[in-house]
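Each chain, letter by letter, is given below.
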There are 2 protein chains.
Amino acid sequence: MILITNDDGISANGIKALTEVAREFDQVIVFAPDGPRSGMSNAITCNKPLKYELVGKLSNVTLYSCTGTPTDCVKLAVQTVFKNAERPLVLSGINHGSNASINIVYSGTMGAALEANIIGIPSIGFSMLSNDVNADLEPAKDIVRFILQKYYDGEYDSYYTDTNSDVPVCLNVNIPDGEIKGVMLCNQARGKWSEDFELRKNANGEDEYWLLGEFHNLDEGRTDTDLYALANNYVSVVPVTTDMTLRFCPERK
Amino acid sequence: MILITNDDGISANGIKALTEVAREFDQVIVFAPDGPRSGMSNAITCNKPLKYELVGKLSNVTLYSCTGTPTDCVKLAVQTVFKNAERPLVLSGINHGSNASINIVYSGTMGAALEANIIGIPSIGFSMLSNDVNADLEPAKDIVRFILQKYYDGEYDSYYTDTNSDVPVCLNVNIPDGEIKGVMLCNQARGKWSEDFELRKNANGEDEYWLLGEFHNLDEGRTDTDLYALANNYVSVVPVTTDMTLRFCPERK
């Protein structure tokens, strides 16, 4: 069984493309936000209840729409649809826009994948570098198929699970816009956004700040990062963890 | 200069307590959400503009209230009030409730601290284990004072910055409820929430799911974790990173 969610909402082209490929491999449950939830990170809904409803069913795909965040969707689907019994593979995306480098921290797409990892379920987040919601998704679908085949072949099992064998693999996969030369296993590049906000006056003459900003690669020169891979037309695959402890190798217990 | 924010909102007792201690050390700008933003993680506001306003000023404390998330607050304060010039120390909290173990991932308090880290500013997130918003904050204030003194004495400089010297320290500090025996430097314990939702009928007879859940320590037996420290009446201090790449020591580049 495969559980699919995203942060662009259940109607986005990216989740449709991901579902089309995933159903070639297994039965699929789509359990996704009822609208856009970009930039929601690992946010959870604390102060109001959630609802979900069945919105469609075709041969091996069942679709549910949920009022929550991407993280809520994973939690709620696992508890309700899966009843904590079978542990699905969780796929999130295909996000319209990059989640490479520090974008993982803000990403609802990766928030869902990380939530799966926390509760012990293998997961892969897919993002493509085009922000055009009508972009051609066929090249990205080929990459999803390629990565899923590797996953089912066990290629990610031995290398990328944690020292605790019950922590499954969690991959942050980003797909270049345009030519694709191959797939590269890499590290999360250091990066940041600066000058994030643009000041505009609203209709009442009040100051309002719109999030825009400019992205900076703080690991320029390194050739082992996701930003390097993507800049050189490679798909980036970064195995990630939710253990945020800062460690230096020699001191790691 | 010290920038203070939180996720419980500018009126919470925790941020008042933190401000009272911080102003003993330096000039303070409070720039905090105008209401509760718990569970917001590193969420950013993408699809609508933000506003902020000056809400108070006393000797060495200036207070601004903002419509955004904790992460938005750090970004917007640094760009507007600080004009990207002076880099403040960012303090977040004191959160009412634990942000130890995996709670860091969902925490708006730590989201703000991590955002500071991303943009190159040292930061400390403070949380206390009592969820009682009217809890006695005097013991927690003593701990904040103790940690801040250590910070200004440079005790965290040499040990906990990353290999890249321009990545400053980011600490996740959690304070036990009750007796405090000391301060322990530790690792983030593996943990998870399960059975997160409780099903209730709303007034229209519809199913609604409320987030509740039960927390599990997945590192029972380890004595070097934040959960161990807190269970044994020690303050836990975990130096954290936003580099989420999964690495094994021997293979780390």
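So, here is what we can say about the structure in this document.

## Notes on the overall build of chain A
Part 1: From N to C terminus, chain A includes seven helices and 13 strands.
Part 2: Its C-alpha atoms give chain A principal-axis dimensions of roughly 55 × 50 × 40 Å.
Part 3: For chain A, the proportion of its 253 residues judged to be buried stands at 60%.
Part 4: Look at the contacts in chain A between residues 6 or more apart in sequence, and 76% of them connect residues 24 or more apart.

## Regarding the packing of aromatic side chains
Part 1: Evaluation of the coordinates by the stated rule reveals 14 aromatic pairs over all chains.
Part 2: Between A:F31 and A:Y64, the ring centres sit 5.7 Å apart and the planes meet at 35°, which makes this aromatic pair tilted. Within this pair, whereas A:F31 is found in strand β2 (residues 28–33), its partner A:Y64 is found in strand β4 (residues 61–66), the two being separated by 33 residues in sequence.
Part 3: In this structure A:F31 comes out as buried when scored by relative accessible area, which is 0%.
Part 4: Residue class for A:Y64 comes out buried when judged on its relative accessible area of 15%.
Part 5: Measuring from centroid to centroid gives 5.5 Å for A:Y52 and B:Y209, while their planes differ by 40°, and the two rings are tilted. Note that A:Y52 is positioned in strand β3 (residues 52–58) and B:Y209 in strand β11 (residues 207–211), a pairing that runs across two chains.
Part 6: The class for A:Y52 is partly exposed, based on a relative accessible area of 26%.

## Quick word on the pairing of β2(A)
Residues and elements named next belong to chain A.
Part 1: Where burial is concerned, most of β2 is hidden: six out of the six residues are buried.
Part 2: Of the strand pairs in this sheet, strand β1 (residues 2–5) and β2 are connected by three bridges, and their pairing is parallel. Opposite L3, over in β2, you have I29 as the bridge partner.
Part 3: Crossover connection from β1 via helix α1 (residues 13–22) to parallel β2: handedness right-handed.
Part 4: Bridge count between β2 and β4: six bridges; the pairing is parallel.

## What to know about the pattern of salt bridges
Part 1: Under the criterion given, the structure shown has 28 salt bridges over all chains.
Part 2: Among the ionic pairs, A:E20 bridges to A:K141, the shortest N-O distance being 2.4 Å. Of this pair, A:E20 sits in helix α1 while A:K141 is found in helix α5 (residues 138–152), placing the two residues 121 residues apart along the sequence.
Part 3: Owing to a relative accessible area of 40%, A:E20 belongs among the partly exposed residues under this scheme.
Part 4: The salt bridge partner of B:R37 is B:D34, with a shortest N-O separation of 2.7 Å.
Part 5: Assessed through its relative accessible area of 16%, B:R37 is described here as buried.
Part 6: When its relative accessible area of 41% is taken as the criterion, B:D34 is described as partly exposed.
Part 7: Here the salt bridges share partners, and the residues they tie into one network are A:R190, A:D219, A:R222 and A:D224.

## Focus: the interface of chain B and chain A
Part 1: Taken together, the contacts link 71 residues of chain B with 71 residues of chain A.
Part 2: With both sides pooled, the region where chain B packs onto chain A buries about 6600 Å², and carbon together with sulfur makes up 58% of that total.
Part 3: Its largest share of buried area at the contact with chain A, chain B owes to B:Y209, B:M244 and B:L246, together 12% of the area lost on that side.
Part 4: Our count for the contact surface shared by chain B and chain A stands at four salt bridges.
Part 5: At the surface where chain B touches chain A, the tally comes to 27 residue pairs in polar contact (both at pLDDT 80 or more).
Part 6: Its residues assigned to classes, the side of chain B that touches chain A shows 31 nonpolar, 20 polar and 20 charged.

## Considering the relation of the copies chain B and chain A
Part 1: Mapping chain B onto chain A is achieved by rotating through 180° and translating by 0.0 Å along the same axis, at an RMSD of 0.0 Å. Read as a symmetry element, the transformation amounts to a two-fold axis.
Part 2: The share of interface residues of chain B whose copies in chain A are also at the interface is 100%, consistent with both copies meeting through the same surface.

## A look at empty space enclosed by the protein
Part 1: According to the stated counting rule, one finds four cavities of 30 Å³ or more in the structure shown.
Part 2: Quantified by volume, the second largest cavity comes out at close to 70 Å³.
Part 3: A:N42, A:I104, A:V105, A:L114, A:M244, B:N42, B:I104, B:V105, B:L114 and B:M244 are the residues that line the second largest cavity.
Part 4: Listed by contribution, the elements that provide at least two residues to the lining of the second largest cavity are α3 (103–106) of chain A together with α3 (103–106) of chain B.
Part 5: Of the residues in the lining of the second largest cavity, the class split is eight nonpolar, two polar and no charged.

## Looking at α5(A)
All names here are of chain A.
Part 1: The end-to-end C-alpha distance of α5 is 21 Å, a good match for the 21 Å that 15 residues give at a rise of 1.5 Å each.
Part 2: For α5, the complete set of buried residues consists of A140, K141, I143, V144, I147, L148, K150 and Y151.
Part 3: Those residues of α5 that are buried are in contact with α1, β5 (89–96), β6 (123–128), β7 (170–175), β8 (182–185) and β13 (234–239).
Part 4: Two residues or fewer after α5 comes G154, characterised by a positive phi angle close to 85°.

## Looking at the packing of α1(A) against α5(A)
Residues and elements named next belong to chain A.
Part 1: As a packed pair, α1 and α5 sit with axes 9 Å apart at the nearest point and diverge in direction by 45°. Classed by the angle they form, the pair α1 and α5 counts as oblique. The hand of the α1/α5 crossing is right-handed. Only K141, V144, R145 and L148 of α5 make contact with α1, whose side of the interface consists of A17, L18, E20, V21 and A22.
Part 2: Residue composition of the contact of α1 with α5, by class: six nonpolar, no polar and three charged.

Each value, and the rule that gives it
Every residue gets a number counted from 1 within its own chain, in the order that chain's sequence is written. Numbering of ligands from 1 and lettering of chains from A proceed in the order in which they are written. Residues qualify for local features only when their pLDDT is at least 70, as the model is predicted, and side-chain atom pairs are given and counted only at 80 or more; totals for whole chains, interfaces and linings, by contrast, use all residues. Neither water nor hydrogens contribute to the side-chain values; these are computed over all heavy atoms in the structure. A run of H or I in DSSP counts as a helix once it spans at least four residues, and a run of E counts as a strand once it spans at least two, with each numbered from the N terminus. Each residue's exposure class comes from its accessible area (1.4 Å probe, protein chains only) as a fraction of the maximum for that residue type: buried when under 20%, exposed when over 50%, partly exposed otherwise. The contact criterion used throughout is that any non-hydrogen atoms of two residues lie within 4.5 Å. In this analysis, rings of Phe, Tyr and Trp, with Trp reduced to its six-membered ring, are considered paired at centre separations within 6.5 Å, and the interplanar angle assigns stacked below 30 degrees, edge-to-face beyond 60, and tilted for intermediate values. Two strands qualify as a pair provided DSSP detects at least 2 bridges between them. Seen with its strands pointing away from the viewer, a crossover is right-handed if its path from the first strand over the helix to the second goes clockwise. Just to be clear on terms, a salt bridge is a Lys or Arg side-chain nitrogen sitting within 4 Å of an Asp or Glu carboxyl oxygen. The buried area of a pairing is the accessible area, by a 1.4 Å probe, that goes missing from both parts when the two are put together, added over both. Here a polar contact means two N or O atoms within 3.5 Å. Within protein one must be a hydrogen donor candidate and the other an acceptor candidate, and residues neighboring in sequence count only if both atoms are side-chain atoms. In this classification, the charged set is Asp, Glu, Lys and Arg, the nonpolar set is Ala, Val, Leu, Ile, Met, Phe, Trp, Tyr, Cys and Pro, and all remaining amino acids, among them Gly, are polar. We superpose the copies by least squares over the C-alpha atoms of residues that have a pLDDT of at least 70 in both of them. Only protein atoms enter the 1 Å grid, on which a cavity is a set of points fitting a 1.4 Å probe that cannot get out and a pocket is an open set with protein on both sides within 12 Å along at least 5 of 7 lines, lining residues being those with an atom within 4 Å of a point. Grid points are joined across faces, edges and corners, and a volume is the space filled by probe spheres set on the points. Here the expected length of a helix is defined as 1.5 Å per residue gap, with one fewer gap than residues. Axes, fitted as lines to C-alpha atoms, cover a helix only where it is in contact. Angles between the N-to-C directions of the axes lie from 0 to 180 degrees. Here the angle decides the label: under 35 degrees means roughly parallel, over 145 means roughly antiparallel, 65 to 115 means roughly perpendicular, and every other value means oblique. Note: crossing handedness is left-handed where the near helix turns anticlockwise from the far helix by less than a right angle, and right-handed where it turns clockwise.

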